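Notes for the structure review
Next come the chains, spelled out residue by residue.
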Amino acid sequence: MATRLAGSSDLYADDGRSPYASVNFVTAHDGFTLRDLVSYERKHNEDNGEHNADGTDHNRSWNCGVEGETDDRDVVALRRRQARNLMTTLCLSAGVPMLTAGDERGRTQRGNNNPYGQDNETSWIDWRPDDAWLDVYEHTKTALRLRREHPALRQRHWFEGRPAIRGGAKDLAWLHPQGREMSTEDWYDESIRVVGMFVSGNPLRSPGPHGEQLHDKSFVVWLNSQPEPVDVTFPENQWVQEGEIVLSTDTDNPPGTLVTAGQTVRLQGCSGVVARQT
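Residues numbered from 1 in each chain as written. Predicted model: local features only at pLDDT ≥ 70, side-chain atom pairs only at ≥ 80, totals over all residues. Heavy atoms only, no water.

1. A few points about the overall build of the protein
When helices and strands are counted, the protein shows 6 helices and 10 strands. A compact globule built from 278 residues should have a C-alpha radius of gyration of about 19 Å, and the protein, at 20 Å, falls within 12% of that. Principal-axis analysis of the C-alpha atoms gives the protein an extent of 65 × 40 × 40 Å. Split into buried and exposed, the 278 residues of the protein put 50% on the buried side. Within the protein, counting contacts between residues at least 6 apart in sequence, those at least 24 apart form 65% of the total. Per element, the accessible surface of the protein, about 14,500 Å² overall, is 49% carbon and sulfur. Averaging the locations of the 30 positively and 42 negatively charged side chains of the protein gives two centres separated by 5 Å. (Helix = DSSP H or I, 4+ residues; strand = E, 2+ residues; numbered from the N terminus. Rg over C-alpha atoms; globule rule 2.2 N^0.38 Å. Buried < 20%, exposed > 50% of the residue type's maximum accessible area, 1.4 Å probe, protein only. Contact = heavy atoms within 4.5 Å. Areas by Shrake-Rupley, 256 points an atom, 1.4 Å probe, with all protein chains shown as cover. Lys, Arg positive; Asp, Glu negative; His and termini not counted. Charge placed at Lys NZ, Arg CZ, Asp CG, Glu CD.)

2. With respect to the environment of Gly16
With respect to the helices, strands and loops of the structure, Gly16 is situated in the loop between helix 2 (9–12) and strand 1 (23–24). The exposed category is assigned to Gly16, whose relative accessible area is 63%. Separated by 134 residues in the primary sequence, Gly16 and His150 place their C-alpha atoms 25 Å from one another.

3. A short note on the nonpolar core
Counting residues in each nonpolar core, the largest one holds 23 residues, and the members touching the most others are Leu172, Trp174, Met197, Val199, Leu247 and Val274. When contributions to this core are tallied by element, the ones reaching two or more residues are helix 1 (2–5), helix 4 (73–92), helix 5 (134–149), strand 3 (172–175), strand 4 (194–199), strand 5 (219–224) and strand 7 (242–248). Excluding anything up to four places from it in sequence, Val274 contacts Thr88, Leu92, Phe219, Val220, Val221, Glu244, Ile245, Val246 and Leu247. Core analysis: the second largest hydrophobic core is formed by 17 residues, Val194, Phe198, Val230 and Ile245 among them. (Core = buried A, V, L, I, M, F, W, Y, C linked by side-chain atoms within 4.5 Å.)

4. A closer look at the state of the cysteines
Counting across every chain of the model gives 0 disulfides. Of all cysteine sulfurs in the structure, the one in Cys270 sits closest to Cys64, which takes part in no disulfide; the separation is 7.6 Å. Here Cys91 is not disulfide-linked; the sulfur of Cys270 is the nearest cysteine sulfur, at 19 Å. A relative accessible area of 0% places Cys91 in the buried class. (Disulfide = S-S within 2.5 Å.)

5. Brief notes about the sheet that holds strand 10 (residues 271–277)
In spatial order, the strands read 3-4-5-10-7-8; together these 6 strands make up an open sheet with antiparallel pairing. Whereas interior strands pair on both sides, the edge strands pair on one side only; in this sheet they are strand 3 and strand 8 (258–260). Adjacent strand axes in the sheet meet at a mean angle of 25°, parallel and antiparallel pairs treated alike. Of the pairings in the sheet, the one linking strand 7 to strand 8 comprises 3 bridges and is antiparallel in character. Among the inter-strand pairings, Glu242 is bridged to a residue of strand 8, identified as Thr260. Across the face of the sheet, helix 4 comes into contact with strand 5, strand 7 and strand 10 while running at roughly 40° to strand 10. On top of the sheet, helix 5 reaches strand 7 and strand 10; it is set at about 135° to strand 7, its chief contact. (Pairing = 2+ DSSP bridges. Axes fitted to C-alpha atoms, helices over the stretch in contact; angles between N-to-C directions.)

6. Re the layout of surface pockets
Estimates place the volume of the largest pocket at around 1,400 Å³. Looking at the largest pocket, it is lined by 44 residues, and the ones nearest its centre are Met1, Val26, Leu37, Leu86 and Thr89. If you list the elements that add at least two residues to the lining of the largest pocket, you get helix 1, helix 2, strand 1, helix 4, helix 6 (184–187), strand 4, strand 5 and strand 10. The dominant element in the lining of the largest pocket, judged by the number of residues it contributes, is helix 4, at 5 residues. Looking at the lining of the largest pocket residue by residue, the class counts come to 21 nonpolar, 17 polar and 6 charged. Forming the walls of the second largest pocket are 16 residues, and the residues nearest its centre are Arg107, Thr108, Glu121, Asp126 and Asp131. Taken together, the residues of the lining of the second largest pocket sort by class into 3 nonpolar, 5 polar and 8 charged. (1 Å grid on protein atoms, 1.4 Å probe; cavity = no way out; pocket = protein on both sides within 12 Å on 5 of 7 lines; lining within 4 Å. Points joined across faces, edges and corners; volume = space filled by probe spheres on them. Nonpolar A, V, L, I, M, F, W, Y, C, P; charged D, E, K, R; others polar.)

7. Considerations on the side chain of Arg35
By the secondary structure assignment, Arg35 is in helix 3 (residues 34–37). On the basis of relative accessibility, which here comes to 3%, the residue Arg35 falls in the buried class. Engagement of the side chain of Arg35 in a polar contact is seen with the backbone oxygen of Gly106, the distance being 3.0 Å. Apart from the residues lying within four places of it in its own chain, the contact partners of Arg35 are Glu69, Gly106, Arg107, Thr108, Asp131 and Trp133. (Polar contact = N/O pair within 3.5 Å; in protein donor to acceptor, adjacent residues only side chain to side chain.)

And the structure:
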């Protein structure tokens with residue numbers, strides 16, 4: 001997960017390509033939509049006329065406890081939060097984000113992961129707000145706006161895990177929930193289901209069009225994949241002391257919440273926050 005967030009240098013750096021060679025996606029035209037990815041454990045292609053034998057069985061999906069559409073408010077809330085979590089990681093990963101049309105508003109194919117022959121409501125995009133996941137839509141817009149406004153979130157050079165200037169902060173650091181940097185042993189600790197990502201914007205490693213040094217805000221991203229809440233500590237450091245949460249899937253820590261270096265925040269299960277330096 002960390003490697004993908006950082007642009008997948010394991011796939012592109014060895015032959016001289018840059019982070020933007022990585023086209024990042026969660027879903028594509030083949031397979032589940034984003035809404036179906038969090039609503040179905042298995043494909044439902046019966047309407048395709050091939051006895052549900054077509055389409056992949058390797059969906060990497062989770063129905064959040066109920067197969068298909070449901071009126072269970074807790075399940076629906078979890079699904080929508082998971083969809084927003086996935087949009088967060090997609091939009092803020094180094095590289096080029098590829099969104100499947102309609103995913104940003106909760107388009108569903110009712111579990112059909114191979115609808116190439118369905119020229120009907122199954123494969124069409126319904127632009128009406130009636131059944132749309134408009135919270136996912138607004139979240140995606142905010143994530144893309146942050147990406148557009150902040151070059152720190154769309155780096156042109158690979159992170160090196162060291163300062164871009166003498167005495168500066170590391171351009172990228174991975175954070176343990178306790179607020180320290182992740183160690184080699186931490187990466188192999190299967191009990192850790194949360195990770196933090198610090199991205200320094202002061203300065204950026206990539207120069208401007210005339211070779212000038214560029215500066216941006218710095219960011220901390222926290223992602224909690226476990227169902228239980230967890231306490232995370234914003235790292236104490238000499239470069240960034242205050243921040244504001246600008247993107248969140250945690251209702252207890254909404255956008256606008258102020259945070260400080262050394263502060264401990266409780267993250268809800270299956271949630272994430274993005275804090276920007278103030």
